[in-house]
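These are the residues of each chain, in order.
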Protein chains: 2
Amino acid sequence: MKSIPNETIGRLFPYIRALVCLSKQGTDTVSSSRLAEVCHVNPAMIRKDFSYFGYFGKRGVGYDVQALKEEIQNILSLKPAKKVALIGVGNIGKALLLYKNFELEGFKITMAFDNQPNKIGRKIGDVTIEDMGNLEKRVKSENIQLSILAVPETVSPTIARRLADAGVNAILSFAPCQLAMPDNIKVTCVDLSTEMARLIYYSSREDLVKKR
Amino acid sequence: MKSIPNETIGRLFPYIRALVCLSKQGTDTVSSSRLAEVCHVNPAMIRKDFSYFGYFGKRGVGYDVQALKEEIQNILSLKPAKKVALIGVGNIGKALLLYKNFELEGFKITMAFDNQPNKIGRKIGDVTIEDMGNLEKRVKSENIQLSILAVPETVSPTIARRLADAGVNAILSFAPCQLAMPDNIKVTCVDLSTEMARLIYYSSREDLVKKR
């Protein structure tokens, strides 16, 4: 694959999401200017980004929404959909198992684990909850690389370490504290407070600007 | 308040989270090098960031964790804790109502709304679920500016518009599609798929680098 600049890579993820939205609304083809509007970038940037992987669209027709989505998913190794192991089936875990968009975007939660006996064996969506004791064995046998951690923050470093030892190399964590996470694994923490703090700071600044 | 550069503002949010973590672990004072380690930045940058708001710490002792946290919360208008209205009490909404860290970080969900009769009147944590029909009245009377939207994506633009009309100027949304959101309100969408795509892309690139 031709080398794609880092900045373009950073913009590819939101394109997939926008294309999924457009496709759900029944849109089959999209112009670069409409796609630019949806993604809040300028059309020239979109055309430049797509030219790196040789995708130009048809003049006067625009891009084929489905084909473009699949092309970008290929570049990002999301086709076929990436298998994900979910650890912790509390309220957040349950919501994730029932979330329909993951598969459209290129992810599939194929296994879920919990340590509460009354949860093990229950089926949520397509997935049957398994015993935490089998975590390493199952993750290895299915060659899982990506995991979502939705467990209490006190146990998340321990479980992250078990996942790392079983071959997982990327974790999306809902626990807020990442002080003791293992080094040999990439961890991203979902940080709602940071997003809210940012929203508040910038929305109050905009008020100030408007009042001037 | 002295003007603080944008880049510093962007780094202030993660400092709060790190300080909350340290405080929970029983840490009262922290050196700039330890805080830098926790936040994955360099110590010189921390000292420079804090100097903008005149916070220097004590030589040989370091920063007072609690005082520094409060100082940053002040700058970001998070002291007293910012009141938040939660819309939609499904699995995600429930998890948010039971999440203990918000208040430590400067947020407090003070009201929650749903349209399902069997949920209205139920109490989760400290909050009693209210009828969606009273949304505008209650949000106005409490002068709420920030809201979390945890409703199905089909209704989220409509509810966002109702919130905007009631005076809310910032929304954190769990619905993936923001095509039809009102313009007069700042909306941030929690985008788990984008985070996962980024994790996969960069963790596989690191593998390539290691194998060379």
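Just so we're clear, the structure is a prediction, and the values are computed from it rather than from any experiment.

Now for the overall build of chain A. A count of helical and extended segments in chain A gives nine helices and nine strands. Viewed in the frame of its principal axes, chain A has a C-alpha envelope of about 60 × 45 × 35 Å. Burial analysis of chain A (212 residues in total) assigns 49% to the buried set. If you take every contact in chain A between residues at least 6 apart in sequence, the share linking residues at least 24 apart comes to 57%. Of the roughly 10200 Å² that chain A leaves accessible, carbon and sulfur atoms contribute 49%.

So, about the relation of the copies chain A and chain B. Superposition of the two copies of the chain requires a rotation about an axis and a shift along the axis. Once chain A has been moved 0.1 Å along the axis and rotated by 180°, it coincides with chain B to within an RMSD of 0.1 Å. The symmetry that links the two subunits is that of a two-fold axis. Considering only C-alpha atoms, the residue of chain A closest to the rotation axis is A:N91, which sits at 2.5 Å. Taken together, the interface assignments show that 98% of the residues at the interface of chain A recur at the interface of chain B, consistent with an identical surface on both copies.

Residue-level contacts link 59 residues of chain A with 59 residues of chain B. Here chain A and chain B share an interface that buries about 5400 Å² over both sides, 68% of which is from carbon and sulfur atoms. The interface formed by chain A and chain B contains two salt bridges. The residue A:K24 makes a salt bridge to B:E153 at a minimum N-O spacing of 2.9 Å. Counting the contacts that link chain A with chain B gives two residue pairs in polar contact (both at pLDDT 80 or more). Mapped onto the side of chain A that touches chain B, the elements with two or more residues apiece are α1 (6-24), α5 (91-97), α6 (101-105), β7 (146-149), β8 (170-173), β9 (186-189) and α9 (192-211) of chain A. Looking at the side of chain A that touches chain B, the element that brings in the most residues is α9(A), giving 15 residues. Residue composition of the side of chain A that touches chain B, by class: 34 nonpolar, twelve polar and 13 charged.

The next point concerns helix α3 (residues 43-52) of chain A. Counting along an α-helix, one turn takes 3.6 residues, and residues three or four places apart therefore face a common direction. Residues and elements named next belong to chain A. Restricting attention to buried positions, one finds in α3 the residues I46, D49 and F50. End-on view of α3: buried residues confined to an arc of 90°, all on one side of the axis. On its buried face, α3 is in contact with α1, α2 (32-39), β2 (63-64) and α4 (65-75). Measuring from the side-chain oxygen of the N-cap residue of α3 to the backbone nitrogen of A44 gives 3.1 Å; that N-cap residue is N42.

Before going further, it helps to examine the sheet that holds strand β6 (residues 127-131) of chain B. Residue and element names in this part refer to chain B. What the seven strands build is an open sheet, ordered β5-β6-β4-β3-β7-β8-β9; its pairing is mixed. Edge positions in the open sheet fall to β5 (123-124) and β9 (186-189), since each of these has one partner strand only. Across four bridges, the pairing between strand β8 (residues 170-173) and β9 is parallel. Residue S173 lies in a different strand from β9, and its bridge partner there is C189.

A pair of packed helices is characterised by two quantities: the angle between their axes and the separation of those axes. Residue and element names in this part refer to chain B. Relative orientation of the contacting elements helix α1 (residues 6-24) and helix α2 (residues 32-39) amounts to 110°, with a least axis distance of 10 Å. With respect to their mutual orientation, α1 and α2 come out roughly perpendicular. Of the residues in α2, those in contact with P14, Y15, A18, L19 and L22 of α1 are R34, L35, V38 and C39. Taken together, the residues of the contact of α1 with α2 sort by class into eight nonpolar, no polar and one charged.

Take the domain arrangement of chain A next. Residues and elements named next belong to chain A. In terms of domain boundaries, chain A breaks down into domain 1 (6-75) and domain 2 (82-193). Look at where the C-alpha atoms of domain 1 and domain 2 centre, and you get two points 30 Å apart. Tallying the contact residues gives six residues for domain 1 and five residues for domain 2. Regarding the contact of domain 1 and domain 2, the summed buried area is about 440 Å², with carbon and sulfur atoms giving 40% of it.

Take the pairing of β8(B) next. Residues and elements named next belong to chain B. Side chains A170 and L172 project from β8 onto one buried face, and the interleaved I171 and S173 project onto a second face that is buried too. Strand direction decides the pairing type here: strand β7 (residues 146-149) and β8, joined by four bridges, are parallel. Of the residues in β8, the one forming a bridge with L146 is A170. Handedness of the β-α-β unit built from β7, helix α8 (residues 156-165) and β8 comes out right-handed.

So, about the packing of aromatic side chains. All names here are of chain A. For the structure shown, the criterion picks out eight aromatic pairs over all chains. Ring plane angle 80° and centroid distance 5.1 Å describe the contact between F50 and Y63, whose orientation is recorded as edge-to-face. Of the two residues, F50 sits in helix α3 while Y63 sits in strand β2, which places them 13 residues apart along the sequence. Across this residue pair, the class does not change: F50 and Y63 are buried. Measuring from ring centre to ring centre gives 6.5 Å for F102 and F107, while their planes differ by 75°; the resulting arrangement is edge-to-face. Of the two residues, F102 and F107, neither departs from the other in class, the shared state being buried.

Cut-off values and rules
- Residues numbered from 1 in each chain as written.
- Chains lettered and ligands numbered in written order.
- Predicted model: local features only at pLDDT ≥ 70, side-chain atom pairs only at ≥ 80, totals over all residues.
- Heavy atoms only, no water.
- Helix = DSSP H or I, 4+ residues; strand = E, 2+ residues; numbered from the N terminus.
- Buried < 20%, exposed > 50% of the residue type's maximum accessible area, 1.4 Å probe, protein only.
- Contact = heavy atoms within 4.5 Å.
- Areas by Shrake-Rupley, 256 points an atom, 1.4 Å probe, with all protein chains shown as cover.
- Least-squares fit on C-alpha atoms with pLDDT ≥ 70 in both.
- Buried area = accessible area lost by both parts, 1.4 Å probe.
- Salt bridge = Lys/Arg side-chain N within 4 Å of Asp/Glu carboxyl O.
- Polar contact = N/O pair within 3.5 Å; in protein donor to acceptor, adjacent residues only side chain to side chain.
- Nonpolar A, V, L, I, M, F, W, Y, C, P; charged D, E, K, R; others polar.
- Arc of directions from axis to C-beta.
- Pairing = 2+ DSSP bridges.
- Axes fitted to C-alpha atoms, helices over the stretch in contact; angles between N-to-C directions.
- Parallel < 35°, antiparallel > 145°, perpendicular 65-115°, else oblique.
- Domains from an automatic or database assignment.
- Right-handed = clockwise from strand over helix to strand, strands pointing away.
- Phe/Tyr/Trp six-rings, centres within 6.5 Å; stacked < 30°, edge-to-face > 60°.

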